[in-house]
Amino acid sequence: MYEELEEIKNKCLSCQKCGLGKTRTNVVFSDVIQNPKLMLIGEAPGFYEDKQGKPFVGKAGQLLDKIFASVGLSREKDVYICNTIKCRPPENRNPLPDEKAACWEYLKAQIDIIKPKIILLCGNVAVQSILGEVGGITKIRGKWYQGEENVHGAKLMPIFHPSYLLRNDSREKGSPKWLMWQDIQEIRKEYDKL
Ligand code: URA
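We now turn to the structure provided with this report. (Residues numbered from 1 in each chain as written. Predicted model: local features only at pLDDT ≥ 70, side-chain atom pairs only at ≥ 80, totals over all residues. Heavy atoms only, no water.)

### What about helix H9 (residues 176–192)?
Rules: Runs of H or I in DSSP of at least four residues are treated as helices and runs of E of at least two as strands, each being numbered from the N terminus. Given a helix with a known number of residues, its expected span is that number minus one, times 1.5 Å. Throughout, exposure labels follow a simple rule: accessible area from a 1.4 Å probe, protein chains only, divided by the maximum for the residue type, with under 20% read as buried, over 50% as exposed, and the rest as partly exposed. Residue contacts are counted whenever heavy atoms from the two residues lie within 4.5 Å of one another.
The first and last C-alpha atoms of H9 sit 24 Å apart over 17 residues, in line with the 24 Å expected at 1.5 Å per residue. Of the residues making up H9, those classed as buried are Pro176, Lys177, Leu179, Met180, Trp181, Asp183, Ile184, Ile187, Glu190 and Tyr191. The elements touched by buried residues of H9 are strand S1 (38–42), helix H4 (59–69), strand S3 (118–122), strand S5 (155–159) and helix H8 (162–167).

### So, the layout of surface pockets
Our working definition: Every definition here rests on a 1 Å grid over the protein atoms only: cavities are sets of points where a 1.4 Å probe fits but cannot get out, pockets are open sets enclosed by protein on both sides within 12 Å along at least five of seven lines, and lining residues have some atom within 4 Å of a point. Grid points are joined across faces, edges and corners, and a volume is the space filled by probe spheres set on the points. Amino acid classes used here: Ala, Val, Leu, Ile, Met, Phe, Trp, Tyr, Cys and Pro are nonpolar; Asp, Glu, Lys and Arg are charged; the rest, including Gly, are polar.
The space that makes up the largest pocket amounts to roughly 350 Å³. Taken together, 19 residues form the lining of the largest pocket, with Ala44, Gly46, Glu49, Asn92 and Ser163 sitting closest to its centre. With 3 residues, the single largest contributor to the lining of the largest pocket is helix H3 (residues 47–52). Class assignment of the residues belonging to the lining of the largest pocket gives a composition of 9 nonpolar, 6 polar and 4 charged.

### Here's the deal with the sheet that holds S5
Heads up, the condition is: If DSSP finds at least two bridges between two strands, the strands pair. To obtain each axis, a line is fitted to C-alpha atoms, and for helices this fit is confined to the stretch in contact; angles are then taken between N-to-C directions over 0 to 180 degrees.
What the 5 strands build is an open sheet, ordered S2-S1-S3-S5-S4; its pairing is mixed. This sheet does not close on itself; its edge strands, each paired only once, are strand S2 (79–83) and strand S4 (145–146). Summarising the sheet, S4 and S5 pair through 2 bridges and their orientation is antiparallel. Looking across to S5, one finds that Tyr145 is bridged to Leu156. Running at roughly 150 degrees to S2, H4 makes contact with S1, S2 and S3 of the sheet. Those strands touched by H9 are S1, S3 and S5, and its axis lies near 165 degrees from that of S5.

### A short note on empty space enclosed by the protein
Summed over the entire model, instances satisfying the criterion amount to 1 cavity of 30 Å³ or more. Empty space within the largest cavity amounts to approximately 110 Å³. If you trace the largest cavity, you find 15 residues lining it, with Cys15, Cys18, Arg24, Cys87 and Cys103 closest to the centre. If you list the elements that add at least two residues to the lining of the largest cavity, you get helix H2 (20–23) and helix H5 (97–114). With 4 residues, the top contributor of residues to the lining of the largest cavity is H5.

### A look at the pattern of salt bridges
Inclusion rule: Between Lys or Arg on one side and Asp or Glu on the other, a salt bridge is scored when a side-chain nitrogen of the former is within 4 Å of a carboxyl oxygen of the latter.
Tallied over the full model, the rule gives 12 salt bridges. Across the salt bridge formed by Lys77 and Asp78, the nearest N and O atoms sit 3.9 Å from each other. With a relative accessible area of 10%, Asp78 lands in the buried category. With a closest N to O distance of 3.2 Å, Glu190 and Lys193 form a salt bridge. Assessed through its relative accessible area of 63%, Lys193 is described here as exposed. Overlapping salt bridges bring together Lys11, Lys17 and Glu105 as one network.

Structure follows, in structure tokens:
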């Protein structure tokens, strides 16, 4: 698995299929982890990720680490973290359709090689890339979707993006943060069944 992923990563590192190839500092392919059963797909690299070539290393990533740690999961042992697109859009704007289309082959290869049992779709961009138009994240988060052949039958759950949680600080019952803590516990339960 490691060699196959390295091969795709190397292809991605020299990719110029869309305009982001010219503006990026680094391609952000994924974390490296052995035999993950759980994959998280984010949106796109931000400022710090582009500088370091690693996913979710800024403030949003630190919050994500805390969310996983609250149920005993970690990106070093359990969660393969990657993004829908591998290069940073200028000023962190949303990825454009042609950028998502150009990058799909890399995300698809990551899914095909790893075949995770559970995929967390973190924010609207990731949801759309896998599930299409199923509604906004506030309506569909926390629900399990049965993935089809394109994701090898993985169970899929849309979750809030940590950047959204950073903008909504309340922890009151029913708030986005509170909901995220419900979702991560449900995810842990399903993970324990694997
Ligand atoms: N936001 C994302 O969606 N991905 C990252 O890697 C960082 C921030």
